[in-house]
Every structure is written in structure tokens, then in C-alpha cells.
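# Architecture at a glance
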Amino acid sequence: MAAMQRCPKCHADLHESAVRCPLCGTTVRVAALQPGERPAPILDTELALFERDERVVHCASCLRESREDVRRCKPCAQALVRSTRTVLTALLRRRLITELGAAASVALPLLPSLLQRVAEFESPFAAEHALHELTTFGLDGFCGHDGIDPPLPVGRTHLWVRSSDALTARYLLGRVPRGSAAEETARAPEAARWWLSRGKLREVLRLAETQPDNAALALCAATALLRLGRPLEAERRVLAVQPCAQSELEATRRIAAGLFAALAFKRGQGSMDAALSHLQAAALLAPRRVEIAQATVELLDEGHGHSDLREALRRLQTLCPGVLGVGGYYADLAARCAIGK
């Protein structure tokens with residue numbers, strides 16, 4: 001009988017000549033170098049320290065950058081956040097309507113071909129745990145979406161793997177808990193965001209119907225409707241929720257409605273006045289949130305030379321001068337407006 005060795009991680013029995021465990025990928029012995037071979041180069045891990053992005057401190061509302069010793073934005077009265085120069089630049093350059101449209105155009109994630117369904121879970125959180133379990137053993141798992149999953153029963157997550165990995169995956173997932181519907185109900189907004197990220201749009205809409213007054217669920221449902229090509233219904237879904245007592249939350253609700261209405265206008269399905277009305281209402285509640293000013297400028301620019309565009313650009317620059325100092329869309333637009341184009 002051939003001598004065997006045991007994997008130190010998953011304790012699988014392996015042949016004595018095995019260098020790596022085929023189940024979990026753990027190295028079980030170091031192979032001797034053959035004549036003519038060279039060992040892998042040793043890299044200095046400290047070199048990564050010189051490639052790190054610059055750290056910055058800025059306000060989450062107006063995006064103004066501050067010194068390291070400052071803790072709160074004086075005009076906004078909000079605590080400052082720490083991020084990187086790359087993140088701050090991306091926030092200053094963002095185009096919310098365009099980005100929302102780009103996200104909506106990718107309704108369902110792209111999955112590999114030749115997949116087999118290996119398990120079914122009653123909550124998305126159990127499915128996420130199963131995905132991590134497969135990853136630990138070197139297998140790629142994929143959660144299904146509306147394009148490949150059966151419509152019934154509702155509230156189920158189907159896990160798929162490549163056909164060549166199906167037998168191993170079924171074995172590994174044999175004892176993984178399947179979860180329960182109660183988990184989804186207790187963490188409904190988190191579950192809806194998970195469904196949305198996986199392309200399970202039917203489940204998002206179903207979950208939102210169970211709690212019609214939940215603003216977080218309404219926003220997820222509106223995004224799902226947008227991905228289904230129904231921006232006007234998305235706007236109505238957000239507005240159907242009762243107004244929030246807290247001004248910041250109500251401003252967020254109005255911003256979402258404004259963005260959905262703006263995208264409908266961009267697609268020729270709605271009016272610009274409706275979108276502007278939502279954004280103006282949001283600006284009254286949260287006058288120092290840069291995203292409102294950015295969305296307003298982009299919307300007016302979609303109106304092809306709207307008379308209020310220059311004034312909106314001035315308000316944006318006054319609120320956050322840095323938005324025109326990093327180049328990109330807003331800086332180019334300001335330059336065109338300055339020369340009358």
C-alpha cells in the first residue's frame with residue numbers, strides 16, 4: 001500500500017508525492033529544486049509602502065478638504081471623514097445621473113456558461129456563507145439571478161458552479177446550513193441590497209411589498225424597477241413612502257426621486273421640471289450636500305443650454321471650489337459656459 005500524508009488544513013488523505021492539496025490548495029511539502037531551476041524571487045513587502053495613496057480629510061456633505069487636525073466641518077457642522085486622494089477626486093468628478101444610468105443598463109450579472117445548480121438556500125445570508133465555504137476550498141461559486149433561477153419558490157437563492165466542480169461542491173455543501181425565511185425578514189434592507197447586487201430583482205420587489213413604509217426597501221425596489229426599464233415607476237415608488245421626519249433622510253429620499261425622474265427625462269419618458277422640483281426640495285433640506293448641486297448641473301446640461309445652467313455652476317463652485325479644480329466634466333462644462341459655447 002502506498003504511503004500517505006495528511007493535509008494540515010482540511011485533513012484530507014493525500015499521496016506521499018503530493019505537493020499541494022487538491023481540495024483546499026494548501027502546500028503540504030516543499031518540492032526540491034531540479035537542476036537548472038531557480039527559486040522564486042524574494043520581494044520586499046515594504047516596497048508597497050511607497051505606492052500607497054495620499055490620505056486626506058474632508059467633509060462628507062460639501063466635500064471640502066481640511067487639515068489633519070480638524071475634526072468637524074464648520075459650515076456643515078458635520079464630523080469629517082478620512083479617505084484617499086483617489087476617492088475624493090472620484091467624488092468631486094462624479095456624475096450621478098450618468099452613473100445611475102450605467103448601473104441600470106447592467107440589469108443582470110454575466111455568468112459563465114456550463115453551470116450546474118448544486119444547492120438551494122432559504123436566505124441570502126446562508127448562500128453568502130456557502131460561497132465563502134467554496135472559496136476556501138478553491139472553487140468558484142455563483143449565485144443565480146432572474147435569468148437562470150426558477151421563479152418558484154420565492155425567497156430562495158440558488159447556488160451554481162461549473163460542471164466540472166459540481167460533484168466536489170455538493171460534497172462540501174452537504175452540511176452547510178440552508179438558513180431560514182426568518183433571517184431575511186429580520187434583516188430585510190440588507191437582504192434586499194444583497195438580492196439587488198445579484199440581479200434577483202423579483203425578490204427585491206417581493207420583499208419591498210412586505211414592508212411598504214420602509215424607506216430603505218423602497219429605494220432598493222425603485223432601483224430594481226429602474227433596471228427593469230421603468231424609471232417613472234421607480235420615482236413613484238420612492239415618493240409613495242411617507243416623508244421622513246429627519247431632514248437629512250428626507251433629503252436623501254428627494255435626491256433619489258430626482259435622480260430617477262432625471263433618468264426618465266434623459267430617456268424621453270419624463271419632464272425635467274419634475275426632476276428639478278425634487279432636487280430643489282432636497283436642497284432646501286440639505287443645502288450643503290454637493291451631490292444635489294452636481295445632479296442639478298448635470299440635469300440642466302441635459303436640457304441643452306438651459307438658462308439656469310451658469311447659475312447652478314456658480315452655486316456648485318461656491319459650495320465646493322475643489323469640484324472645478326480636479327478637471328473632468330464640471331471643469332470642462334464651466335470652461336464652455338465661460339466662453340459662451
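My aim in this report is to walk through the structure given alongside it, one point at a time. (Residues numbered from 1 in each chain as written. Predicted model: local features only at pLDDT ≥ 70, side-chain atom pairs only at ≥ 80, totals over all residues. Heavy atoms only, no water.)

## Some words on unusual backbone geometry
Look at the link from Leu152 to Pro153: it is a cis peptide, with omega at -5 degrees. Structurally, Pro153 can be placed in the loop between strand 8 (141–143) and strand 9 (157–162). A positive phi angle is found at Leu63, which is not glycine, with a value near 65 degrees. Considering the arrangement of structural elements, one finds Leu63 in the loop between strand 3 (55–59) and strand 4 (65–66). Given the relative accessible area of 3%, Leu63 is considered buried. One non-glycine residue, Ala77, lies in the positive phi region at around 60 degrees. Note on placement: Ala77 falls in the loop between strand 5 (72–73) and strand 6 (78–84). (Helix = DSSP H or I, 4+ residues; strand = E, 2+ residues; numbered from the N terminus. Buried < 20%, exposed > 50% of the residue type's maximum accessible area, 1.4 Å probe, protein only.)

## Digging into the pattern of salt bridges
Side chains that differ in charge, positive against negative, can pair when their charged atoms come close. Tallied over the entire structure, the rule returns 22 salt bridges. A salt bridge links Arg187 to Glu190; the nearest nitrogen and oxygen atoms lie 2.8 Å apart. Residue classification places Arg187 among the partly exposed positions, given a relative accessible area of 38%. A salt bridge links Glu302 to Lys266; the shortest N-O distance between them is 3.7 Å. With Glu302 in helix 12 (residues 290–302) and Lys266 in helix 10 (residues 247–266), this residue pair connects regions lying 36 residues apart in the sequence. For Glu302, a relative accessible area of 22% translates into the label partly exposed. (Salt bridge = Lys/Arg side-chain N within 4 Å of Asp/Glu carboxyl O.)

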